[in-house]
Amino acid sequence: MGLVALTFLPLAAAVVIALLPGRNAALLRAVAFFATTLVAGMGAGLFVDFEGGVPGLQSVYESAWFTLPGADVPVHFRLGVDGISILMVVLTAILMPLVVLSSYGHVKERVKEFLFWLLVMETGMLGVFLALDLVLFYFFWEVSLVPLYFLVGIWGSDRRLYATVKFFLYTVAGSLVMLVGVIELIYSQGTSDVGALLANTSELPAWIFASFALAFAIKVPVIPFHTWLADAHTEAPTSGSVLLAGVLLKMGTYGLLRFGIQMFPHAAVDAAPLFLALGAIGIVYGALLAMAQTDLKRLIACSSVSHLGFVVLGMFALTQAGLRGGVLQMVNHGISTGLLFLLVGMVYERTHTRELDRFGGLAATMPLFALFFVITVLSSVGLPGLNGFVGEYMILLGTFEASPLWSVVGVTGVIFGAIYLLRATRKVLFGPVVHESNRRLADLNGREIALMAPLVLLAVWIGVRPNTFIGKTAGTLDALQRRIEDVRGAGDSAAAPSPIVEEEQG
Amino acid sequence: MTTQDLAATFDRLLGPESAVATAPMLALGVGVLAFLIVDLFRTLGRLRPLVFLASVGTSFALELRILFADEVPGVVLDGSLHADHTTAIWGLLFLAGTLLAWIYSAGYYRHQDKPFKAEHDALMLTAPVGMMLMVGAGDLIVFFVGLEVLSIPLYALAAFRRARTDSVEAGLKYFVLGTFAAGFFLYGAALLYAATGHVSIDALAAADLSSPMALAGAAFVAASVFFKVSVFPFHLWVPDVYQGSPTPVTALMATGTKAAAFGFLIHAAGILPASAAGTVAAIALVTMAAGNLGALAQEDLKRMLAYSGVAHAGTLLLVVAGALALEERTAALNAALVYMAAYVFTATGAFGLVALLEADGDRFTKLESLRGLARTRPGTAAALALFMLSLGGIPATGGFLGKWFVFSVLVDADMVGVAVIGVLFSVVALGYYLRVIVAMYMQPPVEGKAPPTTVRPLTAGVATLACATMVLLLGVLPGWYLGWLG
C-alpha cells in the first residue's frame, strides 16, 4: 500500500489544486510543496527500509486490473522496487519539492495549471519506475509525456512550441514502436508480469529488444536521437529542465537497464558493442557540441548528452563496476545537471539572458551564487570527493574490463567536460564585470539556498560515502551480472564447445 | 399449405427468441411512430424529448437484457438475423452515440430550421434501427435493408440546415454517392447469389468463392461497404459531407455508420478469401496515409476531424485484415468493439464541442480562433484536449485501449511490419491533434478576435461530461467493458 500512496499522492494533490480557486497562488504553492515534501519523506523512508544486499523485488503491491480477452492474460496493477528502481524513486521524490520551490521564482502566470501538471508528472514518473506490469509500465511511460508537453509548451521560452511538439513526437514515435514489441512479448509469453518476464531464462526474440531499445535510446537520448533534447532543454522553464535532466532522461536509461539488459540478456550481450560505441561517441560528440555553444542553458543540455553517454557506456560494459557506476551516475547526473539548470534559471531570472558573453565577473557581485556554481561544476566534471568522480571512475573502470578502446575514448570526454565547463565558469563568474547592469544583481536569497542545499549535500555524501547508495543496488545488480555471465558462458560453449566437455560426454 | 403449417411457420418466425432479438429495434420503431402522432397536436409538442428518451431508454434496457441473459436468442427469423452479446454491445454503442448526438442537437439549429424539429428527431431515432440491422444481419438482404434504413435518414439529416448551401450540397452529395454505393452492393450481392446460390453470410463464407463471378461480387460488396466507412479510394466525399452536415448529424455519421459497417465487415470477413489479407492491409495503410496527411493540411477543426475519421477507418480496416489472416474473427471483433466504443464517445464528444463552438459563428471552428480557449472556456478546452489525446491514442484514454487491441490483432496475425507502419501513422496523427491543444493552451488569443460569450445549453455540458467520463473510464478502468466481450 505504501507504494500506491507514494505514487498517487501527487495525483491526489493535483486534483485538490484543480479544485481550489486559481487566484490564491500562495495557497496552491503551499499545497504542492506540502504534498511533494510528504512524498519525498515517504521516498526517503522507502530508501532506508530497502534491503540492498538482497536481489529481487521488494514491497510489492498487487491487485487485479483487467484481463485481456482472447489471450486471457490477466493484467495487474503491480508496483514494487528493486535495487535499480529504488535510487530512481528516491531521486524523483527528493527533486520534486525542490522543483516546486524553484518555480516560485519563474512561474508567475497560470500557477494553478503549472502545479497541476507538475504533480501529474510526478505520479507519471514514479509510476514508470515502480510499475511491475508491462502494460502498467507502458501506461505510465506514455502518460508522463503529456505533463511535460504542457510544461514546456505553456511556460517555455521563445521557441517553446517547436521544442515541445518535437519532443512529444520524437519520443512518442519510439514509444509506439515499443508498443508493438510490448504486445508481442505479452502475447507470446502469456503474461505481463515483469517479475515473471525477468525470471524467464529462454532467449526472447531480438527484434523485441530492438523495439524496446529504440524507445529508450530516443528517451536517453543516445546519439543519433539526441536532437530533440537540446531544444526541449533550452526552451523548457527551469523546473521543466530540472525534471527533464533529473528524472525524465533517467526513464530512458532505467528502461535500457530494466527492459533491455535485464529482460533480454541474450540480445543485450549481442548488442553491447553497438551500445558501447554509441555511448562513447555520445560522450565525445556531446562534449564537442557543448564546447561550441554560446548559450549557457544549451551548453548544459549538450553536456547532458555527454554525461548520459557515460551511463550507457557503463551499463553496456556489462561488468560489475560498469553496471554499478552506470546506475550511480544516473543519480549523479540528476543531481549535478539539476543543480546546473537551477543555477542557470536563477541567473536568468536576474539578467534575462543566457548568453555566455553577457555575463562576467558575477563572482564579485553574487558570491554565494558563485560558490554553488563552482561546487556544481566540479561535481559535474568529476572532482574526487564529489559525486561525479565516483560514478565516472567506476564506469571507466568497468568499461576498461570490457573494451579498453571505448574506455579510452570515454576518458577524453572527461577532459573535454572539464574544458567546456571550466571555460563556462570563467566566462560567467570571473574576469572583470563587462556589463554595468551586472553590478547590481542580488545574490541568492534564502529560498534559493534552501532548495539547492539538499542537492549539494547529496553530491558531497555520494562523493565521500558512495556505499550508502551503491550498497542498495548491489544485490540486484550482482544477480544481473551473474545472469549475464551465464548467458555469455552458454553462448561461448555453444559457439566453441570445449574439448574437455566433449571428452566427458564421450 | 395448411393452417397448421402456417401457424408453425409463424411460431418459428415469431417465437420468444425472435421477440427478444427484435425488441430493441421495435422499441425505436414505436418511438418513431409516436413522433408522427405527437407532431399532429400542437399541445403535445413538449412531449417530444420524452418520447425520444423513453424510446432510446427502452431499447437500451432491451439490449442490456440480451447482454446479461444466460441464453442469447442466437440466430432467429430463419437465419436472417442474429442477436447475441456482440450485437447487444454494438446496439448499446449505437444507442449511446445517437442519444449523445441528439443531446448536442438541442439548441444547435438556427431559427429557420426549427419547424422540422419532430422530423429531425424521428429521423435520428430511425438511424440506429438501421445500424442494429446491419450488425445483426444474417444475410445480405437484411444487411441491405439496414444500410438503407440507416442511410436515408442520414441523407435527409445532412441537408437539414436548409438555409445553407453547404448543408444542402452535403445532403445531395451524400445521397448521390450513397445511392451509387448501394447499387454496387446490390449488384455484388446478385453476382454472389448467381455464383453460389446463397445470400446467407455464413453459407457464403463456407461456399467456394473462387469463381471470377463470385470474386467480382465480393469485391463489389466490399467496395460498397468501404464507401460507407470511408476507406480509400472511396473517402473523397467525407470532408465535404462531414463539414456541410449539421455537426450533431456528422457525429452520428462518423461514429454510428462506421461502427455498424465495421461490425458487418468483421462478421462477413469470411466472404473475402484469406489471401486478400495483404490487399486489405495495404488499402488500410493507404487510407491511414490519406486521412492523416489530409488532416495535417486542415485549418478547420471540423474538417480536420473528418479526415481524422478517414484515418481511424484505416486503422479499423487493419483489424479486418488481421481477421482475414487469422481466419478467425473473435479477436478482431473484440478489437473493433473496444476501438469503436472509445471512438464513439471520443468523436461524438469532439464533434459535439465543435457544434458548441459553431454557435458563435462558423469561423470559430478554425484552429486559429481556438487560440486562448483554455483561458476563456477552460472546461471546453480541457474536454477537447482530452478527446484529442484519446483520438491520438495516449494512455489513460479509451483511444489507447482501442489502439492496443488493434495492434494486438496484427501482432497475433504475424503482421508486425504492418503494425509498425500503422503505429508510425499515429505519430503523424498526433501531429495534428497536438495542434489543437497548442492553439488552445499555448498560444495567446488573436487580438480583437475574442470569442463572444454565447450562453451554452446545459444539455451540451452534460453530454460532454458523459463523453469525457466514458473516455477516461475506458482508458483507466476498462475491466467491466472487457468483461462483456467474448
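Residues numbered from 1 in each chain as written. Chains lettered and ligands numbered in written order. Predicted model: local features only at pLDDT ≥ 70, side-chain atom pairs only at ≥ 80, totals over all residues. Heavy atoms only, no water.

Points about the overall build of chain A
Using the following cut-off: By definition, any uninterrupted DSSP run of H or I lasting at least four residues is a helix, any uninterrupted run of E lasting at least two residues is a strand, and each is numbered from the N terminus. Here the radius of gyration uses the C-alpha set of atoms, whereas the globule reference equals 2.2 Å times the residue count to the power 0.38. Whether a residue is buried, partly exposed or exposed follows from its accessible area with a 1.4 Å probe, protein chains only, as a fraction of its type maximum: under 20%, in between, or over 50%, in that order.
From N to C terminus, chain A includes 21 helices and 2 strands. Taking 2.2 N^0.38 as the reference for a compact globule, 506 residues should give roughly 23 Å; the C-alpha atoms of chain A span a radius of gyration of 22 Å, in line with that estimate. In terms of its C-alpha atoms, chain A occupies a principal-axis envelope of roughly 85 × 50 × 40 Å. When burial is assessed residue by residue, chain A has 64% of its 506 residues classed as buried.

What about the overall build of chain B?
Cut-off, in case you're wondering: Contacts were defined at the residue level, with two residues in contact if any of their heavy atoms lie within 4.5 Å. Note on areas: Shrake-Rupley, 1.4 Å probe, and residue coverage restricted to the protein chains presented here.
When you go through chain B residue by residue, the secondary structure sums to 20 helices and 2 strands. Each principal axis of the C-alpha atoms in chain B carries an extent, and together these give about 80 × 60 × 40 Å. Looking at chain B alone, contacts between residues at least 24 apart form 80% of all its contacts between residues at least 6 apart. Carbon together with sulfur atoms contributes 69% to the accessible area of chain B, which is approximately 17,600 Å² in total.

Considerations on a nonpolar patch on the surface
All names here are of chain B. Rules: To count toward a patch, a residue needs a relative accessible area above 30% and no salt bridge. Like charges then connect within 9 Å, nonpolar side chains (Val, Leu, Ile, Met, Phe, Trp, Tyr) within 5 Å. Salt bridges are counted wherever a side-chain nitrogen of Lys or Arg sits within 4 Å of a carboxyl oxygen of Asp or Glu.
On the surface, a cluster of nonpolar side chains totalling about 400 Å² of accessible area is made up of Leu472, Leu473, Val476, Leu477 and Trp480. When residues of the nonpolar patch are assigned to their parent elements, the largest contribution, 3 residues, is made by helix α19 (residues 458-476). Tracing the backbone shows Val476 in helix α19. We classify Val476 as partly exposed; its relative accessible area is 33%.

A few points about the packing of aromatic side chains
Threshold: Centres within 6.5 Å make a pair out of two Phe, Tyr or Trp rings, where for Trp the six-membered ring is used; the pair is then stacked when the planes are under 30 degrees apart, edge-to-face when over 60, and tilted otherwise. Counted as over-ring charges are cases with an Arg CZ or a Lys NZ within 6 Å of the ring centre that also lie within 35 degrees of the ring normal.
Going through the model one piece at a time under the given rule, you end up with 50 aromatic pairs over all chains. Taking the centre distance of 6.1 Å and the plane angle of 15° together, the rings of Trp90 of chain B and Phe94 of chain B count as stacked. Of this pair, Trp90 of chain B and Phe94 of chain B both sit in helix α4 (residues 85-105), 4 residues apart, which is roughly one turn of the helix. Comparing Trp90 of chain B with Phe94 of chain B, the two get one shared label, buried. Taken together, a centroid distance of 5.0 Å and an interplanar angle of 20° make the contact between Tyr174 of chain B and Trp237 of chain B stacked. Of the two residues, Tyr174 of chain B is situated in helix α7 (residues 165-196) and Trp237 of chain B in the loop between α9 (212-229) and α10 (238-244); the sequence distance between them amounts to 63 residues. Here Tyr174 of chain B matches Trp237 of chain B in class, with each residue buried. Between Arg354 of chain A and the ring centre of Tyr348 of chain A, over which it is positioned, the NZ or CZ distance is 5.6 Å. Note that Lys472 of chain A overlies the ring of Phe47 of chain A, its terminal NZ or CZ placed 5.2 Å from the centroid.

A few points about the side chain of Asp139 of chain B
Residues and elements named next belong to chain B. Rules: Here a polar contact is recorded for every N or O atom pair within 3.5 Å, except that within protein the pair must consist of a potential hydrogen donor and a potential acceptor, and residues adjacent in sequence are included only if both atoms are side-chain atoms.
Tracing the sequence through the fold places Asp139 in the loop between α5 (117-136) and α6 (140-158). Since its relative accessible area comes to 12%, Asp139 is described here as buried. A distance of 3.0 Å separates a polar atom in the side chain of Asp139 from the backbone nitrogen of Ile141. Aside from chain neighbours lying at most four places away, what touches Asp139 is Gly79, Ser80, Val199, Ser200 and Ile201.

A short note on the pattern of salt bridges
Side-chain pairs of opposite charge can arise whenever the charged atoms involved come near each other. All names here are of chain A. Under the definition given, this model contains 21 salt bridges over all chains. The closest approach of N and O atoms between Arg354 and Asp295, which form a salt bridge, is 3.3 Å. Linking Arg354 in the loop between α14 (320-351) and α15 (362-365) with Asp295 in the loop between α12 (265-291) and α13 (296-317), this pair joins segments that are 59 residues apart in sequence. A relative accessible area of 14% places Arg354 in the buried class.

Let's talk about the packing of α14 of chain A against helix α17 (residues 387-402) of chain A
Residue and element names in this part refer to chain A. Let me state the cut-off plainly: Helix axes are fitted to C-alpha atoms over the stretch in contact, other axes to C-alpha atoms as well, and angles between N-to-C directions run from 0 to 180 degrees. In these notes the angle categories are as follows: under 35 degrees is roughly parallel, over 145 is roughly antiparallel, 65 to 115 is roughly perpendicular, and the rest is oblique. Crossing handedness follows the turn of the near helix against the far one: under a right angle anticlockwise gives a left-handed crossing, and clockwise gives a right-handed one. Ten residue types, Ala, Val, Leu, Ile, Met, Phe, Trp, Tyr, Cys and Pro, are classed as nonpolar, four, Asp, Glu, Lys and Arg, as charged, and the remainder, Gly among them, as polar.
Where α14 meets α17, the closest approach of the two axes is 8 Å, and the angle between their N-to-C directions is 150°. With respect to α17, the axis of α14 lies roughly antiparallel. By crossing handedness, the relation of α14 to α17 is classed as left-handed. Contacts between α14 and α17 involve Ala321, Gly322, Arg324, Gly325, Gly326, Leu328, Gln329, Asn332 and Ile335 from the first element and Asn387, Gly388, Val390, Gly391, Glu392, Met394, Ile395, Leu397, Gly398 and Glu401 from the second. Of the residues assigned to the contact of α14 with α17, the class counts are 7 nonpolar, 9 polar and 3 charged.

Quick word on the interface of chain B and chain A
Here is the rule we go by: Two parts lose some accessible area (1.4 Å probe) when they are put together, and adding that loss for both gives the buried area.
Listed per partner, the contact involves 39 residues of chain B and 36 residues of chain A. Interface of chain B and chain A: buried area, both sides summed, is about 3,200 Å²; carbon and sulfur atoms make up 80% of it. There are 0 salt bridges connecting chain B and chain A. If you look at where chain B meets chain A, you find 5 residue pairs in polar contact (both at pLDDT 80 or more). Contributions of two or more residues to the side of chain B that touches chain A are made by α15 (373-376), α17 (398-412), α18 (416-442), α19 and α20 (479-484) of chain B. By residue number, the principal contributor to the side of chain B that touches chain A is α18 of chain B, which donates 14 residues. Of the residues assigned to the side of chain B that touches chain A, the class counts are 28 nonpolar, 9 polar and 2 charged.

Describing helix α7 (residues 160-189) of chain A
Residues and elements named next belong to chain A. Applicable threshold: What a helix should span is 1.5 Å times the count of its residues minus one.
With 30 residues, α7 extends 42 Å between its outermost C-alpha atoms, agreeing within 8% with the 44 Å of an ideal straight helix rising 1.5 Å per residue. Burial analysis of α7 places 21 of its 30 residues in the buried class, the great majority of the element. Remark: Gly190 follows α7 within two positions and exhibits a positive phi of approximately 70°.

Here's the deal with the environment of Asn387 of chain A
Residues and elements named next belong to chain A. Its place among the elements puts Asn387 in helix α17. Residue Asn387 is classed as buried on the basis of its relative accessible area, which comes to 0%. Sequence-wise, Asn387 and His333 are 54 residues apart; in three dimensions their C-alpha atoms are separated by 9.0 Å. Ignoring sequence-local partners within four residues, the contact set of Asn387 consists of Asn332, Ile335, Ser379, Ala459, Ile462 and Gly463.

Looking at unusual backbone geometry
With an omega of -5°, the peptide bond between Val220 of chain A and Pro221 of chain A qualifies as cis. Put simply, Phe232 of chain B and Pro233 of chain B share a cis peptide bond, and its omega is 0°. Tracing the sequence through the fold places Pro233 of chain B in the loop between α9 and α10. Positioned with a positive phi, Ser59 of chain A is a non-glycine residue whose angle comes to about 50°. Mapped onto the secondary structure, Ser59 of chain A falls in strand β1 (residues 58-68).

Comments concerning the environment of Leu100 of chain B
Residues and elements named next belong to chain B. Relative to the elements of secondary structure, Leu100 occurs in helix α4. Sequence separation between Leu100 and Thr87 is 13 residues, and the spatial gap between their C-alpha atoms is 20 Å. In this view, Leu100 contacts Phe345, Thr348, Ala463, Ala466 and Cys467; residues no more than four positions away in its chain are not counted.

Describing the confidence of the model for chain B
To keep things clear, this is the line we draw: What pLDDT conveys is the predictor's confidence in a given residue, as a value from 0 to 100.
Mean pLDDT for chain B: 88, with 96% of residues reaching 70 or above. The ipTM for the predicted assembly is 0.88, set against a pTM of 0.91.

Details of the pairing of β1 of chain A
For a regular strand, side chains alternate in direction, first toward one face of the sheet and then toward the other. All names here are of chain A. Stated precisely, the cut-off is as follows: Two strands qualify as a pair provided that DSSP identifies no fewer than 2 bridges between them.
As paired strands, β1 and strand β2 (residues 73-81) are joined by 8 bridges and run antiparallel to one another. Note that in β2 the partner of Phe66 across the bridge is Val75. Between β1 and β2, which pair antiparallel in sequence order, lie 4 residues; one of them, Gly70, sits at a positive phi of approximately 90°.

Some details on the packing of helix α6 (residues 145-155) of chain A against α18 of chain B
Where α6 of chain A meets α18 of chain B, the axes come as close as 10 Å, and the angle between the chain directions of the two elements is 50°. Between α6 of chain A and α18 of chain B, the angle falls in the class oblique. The interaxial crossing formed by α6 of chain A with α18 of chain B has right-handed handedness. Note on element contacts: α18 of chain B touches α6 of chain A through Leu434, Ile437, Val438, Tyr441 and Met442 of chain B, opposite Tyr149, Phe150, Gly153 and Ile154 of chain A. For the contact of α6 of chain A with α18 of chain B, the per-class residue count stands at 8 nonpolar, 1 polar and no charged.

Observations concerning the environment of Ile223 of chain A
All names here are of chain A. Relative to the elements of secondary structure, Ile223 occurs in the loop between α9 (206-219) and α10 (227-235). The class for Ile223 is buried, based on a relative accessible area of 11%. With 27 residues separating them along the chain, Ile223 and Lys250 place their C-alpha atoms 16 Å apart.

With respect to the side chain of Gln481 of chain A
Locating Gln481 of chain A in the fold gives a position in helix α20 (residues 467-495). For Gln481 of chain A, the residues in contact, after removing those within four places along its chain, are Leu318, Thr319, Gln320 and Leu323 of chain A.

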